[in-house]
Each structure stands twice: as C-alpha cells, then as structure tokens.
Amino acid sequence: MDIFANLQLGLQTAVTIENLGFALVGCLLGTLIGVLPGMGPLVTISMLLPFTFGMDPISALIMLAGIYYGGAYGGSTTAILVNVPGETSSVVTVIDGHKMAQQGRAGVAICTAAIGSFFAGCVGTLLLAAFATPLTRLALEFGAAEYFSLMLLGLVGAVSLTSGSTLSAIGMILVGIMLGLVGTDVQTGIQRFVFDQPQLWDGIDVVTLAVGIFAFGHAVSGLRLTQDAAVTRPDVGSVFPTRQDIKRMVPPILRGTMVGSALGILPGAGQAIASFISYSLERKVSRYRHEMGHGAIEGVAAPESANNAAAQTAFIPTLTLGIPGSGTMALLLGAMVMHNIQPGPRVMVSNPDLFWGLIVSMWIGNLFLLILNIPLVGLWVQLLRIPYRFLFFAIIMFSCFGIFATNFSPFSIYLAAGIGLVGYVLKQFECEPAPLLLGFILGPMMEENFRRTLILSEGEYSVFVTQPISLVFLVGSVGLLMMALFPKIRQKRDEVAIEDA
C-alpha cells in the first residue's frame with residue numbers, strides 16, 4: 001500500500017461520527033487545560049486514562065492525542081490576555097504577546113498564534129505521515145535484539161535530554177523498571193516484589209501509577225499555593241491582522257515550524273525548548289529584532305509555530321518506533337498497552353487503521369482548533385477565575401473514581417495515593433517523574449526481548465552487536481550517554497532547563 005492508499009484508510013477511519021466527536025472533545029479539553037495554568041496535558045490525560053478502558057482503542061487515542069496538541073493552542077490565550085502562560089511552552093509567548101494586548105492588539109496576537117499553530121500542526125502531521133512508510137519497511141527487519149536495543153536507546157535518550165541531575169534521571173528510570181517488574185513472571189511463574197500482597201500478583205497497573213504520580217502529585221503540590229492570582233479580562237479588540245501583519249508573520253512562522261519539527265522528533269526536547277530556541281533565533285535573524293520584547297508580532301508567531309510543530313512531530317518516535325519522548329507520550333504509549341496494542345514499528349502493519357486514522361484525525365483536530373480558538377476566548381478567560389481549592393477536590397475525586405472504575409479495587413486507590421505522596425516528595429527534590437514512567441513502560445518489554453534474544457541465540461550475548469540495526473541503536477545509546485556525562489553539554493542542557501522553568 002502506498003501513502004495515498006494509507007491516507008485513504010485513515011480518512012475512512014477518522015471521519016466517522018464517533019471519531020469526529022471524540023476528536024472535537026479532545027480538542028476542547030486540550031484547549032481548556034491549556035488555558036488553566038498548571039494543569040497541562042500530562043495531568044489531564046492521566047486523569048482520563050481510566051475512562052478510556054471500555055472505549056474503542058482508535059477513538060480513545062484520537063481523544064487523548066487531541067488533548068495533547070490542543071493544550072499547545074490553549075496555553076497561548078492566557079499568555080497573551082492575562083500574562084499567565086497556561087503551558088510551559090507558552091512562557092516565551094508572554095514576552096511579546098501580552099505587550100500586544102496592552103497595545104490593544106490582543107485579537108491580532110491570538111489570531112497570529114492560531115494561524116501559526118494551524119500551519120505548523122499541519123506540517124508536523126505531514127512529516128509524521130512521510131516518516132511512516134519507510135519505517136514500516138524497516139519494521140519488518142526488527143527482531144528481539146533490535147527491539148531491546150531500540151528501547152535501551154529510548155531510555156538513555158530520556159537520561160541525556162532530561163533537565164536536572166543525570167544521576168537522578170538514571171535513578172528514576174531504574175525505579176520505574178523495578179516497579180514494572182512487580183507481579184508474576186510470565187515465564188517462570190515466580191512472584192516478584194509482591195510483599196505477600198495478592199493484589200500485586202498481576203503487577204501495578206499503568207493507570208494507577210500514572211494517576212498517582214501525576215494527578216495526585218500535582219494536586220498535592222498545588223495546595224502549597226496560598227492564594228490565587230487575580231485575573232482581569234482585557235479587551236480582545238479586532239482579531240483580523242493587517243496586510244503588514246501578515247507579511248511580517250509569514251517568515252517567523254516558517255522558521256518556527258522548521259525548528260519545532262526538528263526538535264519534536266528528539267526524545268525529551270519537547271515543545272518548551274522548541275519555543276525558546278525559535279524565539280532566540282528570531283532575535284538574531286528577524287528584520288524587526290529591535291522590536292522584540294516590545295510587542296513584535298514575530299515574538300508570537302515563531303514560538304507558537306515551534307511548539308505546535310514539536311507537539312505533532314513528537315508522535316513520530318512514539319508511534320513509529322515505540323519510544324516515548326516525554327511523559328505525555330509515555331502515557332499515550334501506556335494507553336496503547338492498556339488496549340492490548342503492542343507499541344513499536346509493527347503497529348503500522350498490525351493496526352494500520354489505528355495508525356493512519358490517528359494521523360488524519362490530527363489534521364481534522366488542527367482545523368477544529370483553528371475554528372474554536374478565537375470565538376471561545378472570552379469563555380476560557382472566565383474559567384481562570386476558578387480558585388485552585390475547587391480544582392483540587394475535582395482532581396482528587398475524578399481520579400479516584402477513574403481508578404476504581406478500572407478494576408473495582410479499593411487497594412488501587414490506596415496504592416495511587418501512596419504513589420502520589422512519593423511523587424510529591426520527588427518533585428520537592430527536583431526529581432522528574434517522567435523518566436520513571438518511561439522505565440515502567442519500557443522496562444518489562446526490554447526484559448522480555450532480552451530473554452527472547454538469549455533463548456533464540458542459545459545464550460550468545462554477541463548477537464546484540466552482530467545484528468547491524470541493533471548495533472546502530474547500541475552505538476547511539478553510548479553516544480547519548482556520553483553527551484549526558486560530558487560537562488559542557490550537560491551545562492548547556494541545564495541552562496535551557498533553567499530558562500524553561
């Protein structure tokens with residue numbers, strides 16, 4: 001099947017009434033949580049993950065993906081209007097976006113962000129479709145050794161590109177791998193790390209871990225806020241840019257799209273770094289760089305295009321290789337596992353309707369977001385008035401209900417609460433929980449493919465380096481690890497993380 005036949009299959013899957021409805025719901029929820037400061041797609045997807053258990057896998061992933069890239073749209077709205085970035089990736093947008101709002105050009109800034117996001121999102125999705133076909137052919141060459149080396153590359157990439165201490169990132173991954181090994185070994189029947197608890201014989205559910213460490217952990221951290229920031233609603237003004245505005249926004253949109261598309265593919269780079277680098281690039285190459293920081297339209301167009309392009313191309317390593325590049329991508333990978341879909345390159349062969357349906361739904365979702373982003377600005381700003389103490393109870397109640405609905409076990413709620421407290425403590429020590437989730441998901445699959453490789457090779461460890469594809473991944477893992485340990489590179493990585501914070 002060529003790419004056009006694949007896209008036709010995806011179109012048939014995505015344009016059903018059910019999937020269009022879930023794409024719209026995902027885009028609305030994504031915009032909503034992007035507007036609310038501190039929520040983010042990671043927390044929201046972890047809360048909604050249990051409720052997708054009984055859904056069709058394609059519909060569930062379409063909705064969760066809509067939440068992810070919809071959050072990138074919503075974060076710019078509050079950054080422009082009230083000087084409060086709803087998403088980390090929208091921090092840069094505050095600099096010039098709010099200045100434009102103070103000059104009575106908030107509508108133009110919002111429209112610029114929407115146009116840039118739509119164009120970049122479409123380009124990112126096109127790149128995802130383009131990468132899929134050659135990687136499908138490569139997937140047929142993958143054996144157990146290649147899968148093990150590929151997953152090792154993903155974990156090492158998370159270490160090298162995660163902000164903060166390299167040692168803490170390695171420790172979090174190891175903890176995640178150990179949690180993934182809890183339960184009964186499927187090959188030997190031996191129970192591991194269950195501590196005489198029958199509820200742990202089947203292992204820790206990915207939903208329980210995700211909701212505990214992200215939703216509960218975030219809610220507890222939010223209680224430290226002593227007061228809610230006052231929010232005023234400025235005048236949006238006209239939303240139609242002038243001819244000069246359009247002329248000025250086109251080059252930064254193109255540059256931001258290129259930067260975001262490239263960085264989104266890298267595991268761990270993410271939307272925030274893409275928006276920062278794109279803004280820095282505009283300050284150096286733009287003809288109007290002297291206006292940057294004082295309400296320049298380039299300061300909105302470039303970072304918003306970059307973070308939305310990165311949001312789309314982040315699906316490339318996740319869907320085509322099974323390597324999640326961030327905590328949110330790991331949750332989407334966990335959703336695939338929960339629906340009995342084996343992540344990795346073969347998903348394009350074994351589940352083509354899911355893969356191509358999701359790609360086409362992203363184009364549709366970007367169109368939904370372009371249409372919704374401007375008319376609902378007033379509603380999103382009103383939601384900023386909700387005090388956090390009400391959101392806290394809603395998060396806890398919704399999360400507990402979702403966990404209980406997956407297996408009807410009170411033990412899972414207690415376990416998630418304990419994991420949430422651990423997540424809160426880890427956050428205070430500046431240990432990122434995302435590597436833990438990556439280790440939890442990839443660890444058991446690494447063990448399975450490691451054992452399978454040794455069984456097929458009759459105990460020969462050299463098979464990992466005699467297979468060309470496996471050797472390439474192992475060399476890449478060593479290179480990324482050296483980058484993480486090399487002082488100059490580590491210093492630059494930490495500087496970017498500090499700017500991000």
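Residues numbered from 1 in each chain as written. Predicted model: local features only at pLDDT ≥ 70, side-chain atom pairs only at ≥ 80, totals over all residues. Heavy atoms only, no water.

Looking at the overall build of the protein
So, step 1. The number of helices and strands found in the protein is 23 helices and 2 strands.
So, step 2. Counted over contacts in the protein with a minimum sequence separation of 6, partners at least 24 positions apart contribute 80%.
So, step 3. For the protein, the computed accessible surface area is about 21,400 Å², with 68% contributed by carbon and sulfur atoms. (Helix = DSSP H or I, 4+ residues; strand = E, 2+ residues; numbered from the N terminus. Contact = heavy atoms within 4.5 Å. Areas by Shrake-Rupley, 256 points an atom, 1.4 Å probe, with all protein chains shown as cover.)

Re the side chain of His 339
So, step 1. Positionally, His 339 belongs in the loop between helix H14 (327-338) and helix H15 (347-350).
So, step 2. Under the relative-accessibility criterion, His 339 is labelled buried at 11%.
So, step 3. A distance of 3.0 Å separates the side chain of His 339 from the backbone oxygen of Thr 52, its partner in a polar contact.
So, step 4. Not counting residues up to four positions away in its chain, the partners in contact with His 339 are Thr 52, Phe 53, Met 55, Pro 57 and Ala 60. (Buried < 20%, exposed > 50% of the residue type's maximum accessible area, 1.4 Å probe, protein only. Polar contact = N/O pair within 3.5 Å; in protein donor to acceptor, adjacent residues only side chain to side chain.)

Observations concerning the packing of aromatic side chains
So, step 1. As enumerated under the stated definition, the model contains 6 aromatic pairs in all.
So, step 2. Ring geometry for Tyr 68 against Phe 315: centres 5.6 Å apart, planes inclined by 75 degrees, an arrangement best described as edge-to-face. One end of the pair, Tyr 68, is in helix H4 (residues 57-81); the other, Phe 315, is in helix H13 (residues 315-321), with 247 residues separating them in the sequence.
So, step 3. Aromatic rings pair up to connect Phe 148, Phe 450, Tyr 461 and Phe 464 into one cluster.
So, step 4. When the ring centre of Tyr 288 is taken as reference, the NZ or CZ atom of Arg 248 above it lies at 3.9 Å. (Phe/Tyr/Trp six-rings, centres within 6.5 Å; stacked < 30°, edge-to-face > 60°. Lys NZ or Arg CZ within 6 Å of the ring centre and 35° of its normal.)

So, empty space enclosed by the protein
So, step 1. Summed over the entire model, instances satisfying the criterion amount to 2 cavities of 30 Å³ or more.
So, step 2. The computed volume of the largest cavity comes to approximately 40 Å³.
So, step 3. If you go around the largest cavity, the residues you meet are Leu 61, Ala 65, Phe 315, Thr 318, Leu 319, Leu 332, Met 336 and Leu 358.
So, step 4. Looking at the lining of the largest cavity, the elements that each hand over two or more residues are H4, H13 and H14.
So, step 5. Considering every element that reaches the lining of the largest cavity, the biggest residue donor is H13, with 3 residues.
So, step 6. Here the lining of the largest cavity is built from residues that sort into 7 nonpolar, 1 polar and no charged. (1 Å grid on protein atoms, 1.4 Å probe; cavity = no way out; pocket = protein on both sides within 12 Å on 5 of 7 lines; lining within 4 Å. Points joined across faces, edges and corners; volume = space filled by probe spheres on them. Nonpolar A, V, L, I, M, F, W, Y, C, P; charged D, E, K, R; others polar.)

Observations concerning the layout of surface pockets
So, step 1. Taken as a whole, the second largest pocket spans an internal volume of roughly 1,100 Å³.
So, step 2. What lines the second largest pocket is a set of 39 residues, and nearest its centre among them are Gly 180, Asp 202, Gly 203, Ile 204 and Pro 444.
So, step 3. Among the secondary structure elements, those contributing two or more residues to the lining of the second largest pocket are helix H8 (166-180), strand S1 (183-184), helix H9 (206-222), H14, helix H18 (388-407), helix H19 (410-428) and helix H20 (434-456).
So, step 4. Here the lining of the second largest pocket takes 7 residues from H20, the largest share from any one element.
So, step 5. By residue class, the composition of the lining of the second largest pocket is 19 nonpolar, 13 polar and 7 charged.

A few points about a nonpolar patch on the surface
So, step 1. A cluster of nonpolar side chains, Phe 119, Ile 246, Val 250 and Leu 254, forms an exposed patch at the surface whose accessible area comes to about 320 Å².
So, step 2. It is helix H10 (residues 243-265) that contributes the most residues to the nonpolar patch, 3 residues altogether.
So, step 3. Judged by relative accessible area, Leu 254 falls into the partly exposed class, the value being 42%. (Patch = residues over 30% accessible without salt bridge, like charges linked within 9 Å, V, L, I, M, F, W, Y side chains within 5 Å. Salt bridge = Lys/Arg side-chain N within 4 Å of Asp/Glu carboxyl O.)

A closer look at the pattern of salt bridges
So, step 1. This structure, assessed with the given rule, holds 8 salt bridges.
So, step 2. Arg 192 is paired through a salt bridge with Glu 447; the nearest N and O atoms lie 2.8 Å apart. Here Arg 192, found in strand S2 (residues 191-192), pairs with Glu 447, found in helix H20; they are 255 residues apart in sequence, far enough to count as distant.
So, step 3. Among the ionic contacts, a cluster of salt bridges with common partners joins Asp 185, Arg 192, Glu 447 and Arg 451.

Let's talk about the environment of Asp 56
So, step 1. Its place among the elements puts Asp 56 in the loop between helix H3 (40-48) and H4.
So, step 2. In this structure the C-alpha to C-alpha distance between Asp 56 and Asn 19, which are 37 residues apart in sequence, comes to 9.6 Å.

Brief notes about the side chain of Gln 312
So, step 1. Relative to the elements of secondary structure, Gln 312 occurs in helix H12 (residues 298-313).
So, step 2. If sequence neighbours within four positions are ignored, Gln 312 has contacts with Tyr 69, Gly 121, Gly 124, Thr 125, Met 362 and Asn 366.

Side note on the nonpolar core
Soluble globular proteins tend to bury their nonpolar side chains together.
So, step 1. Membership of the largest hydrophobic core comes to 90 residues, with the highest contact counts inside it found for Leu 64, Tyr 69, Phe 315 and Ile 441.
So, step 2. When neighbours within four sequence positions are excluded, Ile 441 is seen to be in contact with Val 206, Ala 330, Leu 333 and Gly 334.
So, step 3. One finds Ile 80, Ile 110, Met 249 and Ile 253 within the second-largest nonpolar core, a separate group that totals 14 residues. (Core = buried A, V, L, I, M, F, W, Y, C linked by side-chain atoms within 4.5 Å.)

Section: helix H2 (residues 17-35)
So, step 1. Over its 19 residues, H2 extends 27 Å from the first C-alpha to the last, a length consistent with the 27 Å expected when each residue adds 1.5 Å.
So, step 2. By the burial criterion, the buried members of H2 are Asn 19, Ala 23, Gly 26, Cys 27, Gly 30, Thr 31, Ile 33, Gly 34 and Val 35. (Expected span 1.5 Å × (residues − 1).)

A look at the packing of H2 against helix H16 (residues 352-373)
So, step 1. Interhelical geometry of H2 versus H16 gives an angle of 50 degrees and a closest axis separation of 9 Å. For the element pair H2 / H16, the angle class is oblique. Every pair of crossing elements has a handedness; the one defined by H2 and H16 is right-handed. Touching Leu 20, Ala 23, Leu 24, Cys 27, Leu 28 and Thr 31 of H2 are Ile 364, Gly 365, Phe 368, Leu 369, Leu 372 and Asn 373, all from H16.
So, step 2. Of the residues belonging to the contact of H2 with H16, the class tally is 9 nonpolar, 3 polar and no charged. (Axes fitted to C-alpha atoms, helices over the stretch in contact; angles between N-to-C directions. Parallel < 35°, antiparallel > 145°, perpendicular 65-115°, else oblique. Left-handed = near helix turned anticlockwise from the far one by under 90°.)

Details of unusual backbone geometry
So, step 1. The phi dihedral of Asp 196 falls on the positive side, at around 60 degrees, and the residue is not glycine.
So, step 2. Here Asp 196 is to be found in the loop between S2 and H9.
So, step 3. Non-glycine residue Asn 340 carries a positive phi angle of around 60 degrees.
So, step 4. Within the secondary structure layout, Asn 340 lies in the loop between H14 and H15.
So, step 5. Owing to a relative accessible area of 75%, Asn 340 belongs among the exposed residues under this scheme.

Examining the environment of Leu 126
So, step 1. Considering the arrangement of structural elements, one finds Leu 126 in helix H6 (residues 106-139).
So, step 2. Taking the C-alpha atoms as reference points, Leu 126 and Ile 359, separated by 233 residues in sequence, lie 8.5 Å from one another.

Some details on the confidence of the model for the protein
So, step 1. Per-residue confidence for the protein averages 78 on the pLDDT scale, and 81% of its residues sit at or above 70.
So, step 2. Considering each helix and strand of the protein separately, the mean pLDDT is smallest for helix H23 (residues 487-500), with a value of 49, and largest for helix H21 (residues 463-466), with 89.
So, step 3. In the model, residues 226-232 has pLDDT below 50 throughout and makes 7 contacts with residues more than four positions away in sequence or in other chains. (pLDDT = per-residue confidence, 0-100.)

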